[in-house]
Amino acid sequence: MKNEFVIVTDSTTDLPQSVANELGLIVLPLKYNIANETYANYLDYREQDVKDFYDLVRKGNLATTSQLVPEEYIEAL
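Residues numbered from 1 in each chain as written. Predicted model: local features only at pLDDT ≥ 70, side-chain atom pairs only at ≥ 80, totals over all residues. Heavy atoms only, no water.

Caption draft 1: Seen up close, the confidence of the model for the protein. Considering every residue of the protein, the mean pLDDT works out to 92; 96% of them sit at 70 or more. Averaged pLDDT values over the elements of the protein bottom out at 89 in helix H3 (residues 70-76) and peak at 97 in helix H2 (residues 50-58). (pLDDT = per-residue confidence, 0-100. Helix = DSSP H or I, 4+ residues; strand = E, 2+ residues; numbered from the N terminus.)

Spelled out as structure tokens, the structure:
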């Protein structure tokens, strides 16, 4: 009998998107707020480029994060 499984993690996994794809990981994006905007932290930075993020931090903007809500986990599973 073959056991199959799926690894579910969040975007703090600190892996490149290509590795997550290769391993078949489900990566749930954490949300963060900066400069009065909310972004989802995808491994491929599709919502905000890393340089843009750090430019805002250098300008004195504070970044805050929030955890995923249970419904997001349930949907993924």
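Right, picking up where we left off after that structure.
Caption draft 2: Spatial organisation of the pattern of salt bridges. In the structure shown here, the tally under the stated rule is four salt bridges. Between Lys31 and Glu72 there is a salt bridge, with its nearest N and O atoms 2.9 Å apart. Taken together, the positions of Lys31 in strand E3 (residues 30-34) and Glu72 in helix H3 put the pair 41 residues apart, joining distant regions of the chain. In this structure Lys31 comes out as partly exposed when scored by relative accessible area, which is 27%. Given the relative accessible area of 26%, Glu72 is considered partly exposed. (Salt bridge = Lys/Arg side-chain N within 4 Å of Asp/Glu carboxyl O. Buried < 20%, exposed > 50% of the residue type's maximum accessible area, 1.4 Å probe, protein only.)

Caption draft 3: Molecular detail of the pairing of E3. By the alternation rule, side chains of E3 split into Leu30, Tyr32 and Ile34, which are all buried, and Lys31 and Asn33, of which none is buried. Examined bridge by bridge, E3 and strand E4 (residues 37-41) share five bridges and lie antiparallel to one another. For Leu30, the partnering residue across the bridge sits in E4 and is Asn41. Both E3 and strand E5 (residues 64-66) contribute to a ladder of three bridges, which runs antiparallel. Residue pairing across strands places Asn33 opposite Thr64, the latter belonging to E5. (Pairing = 2+ DSSP bridges.)

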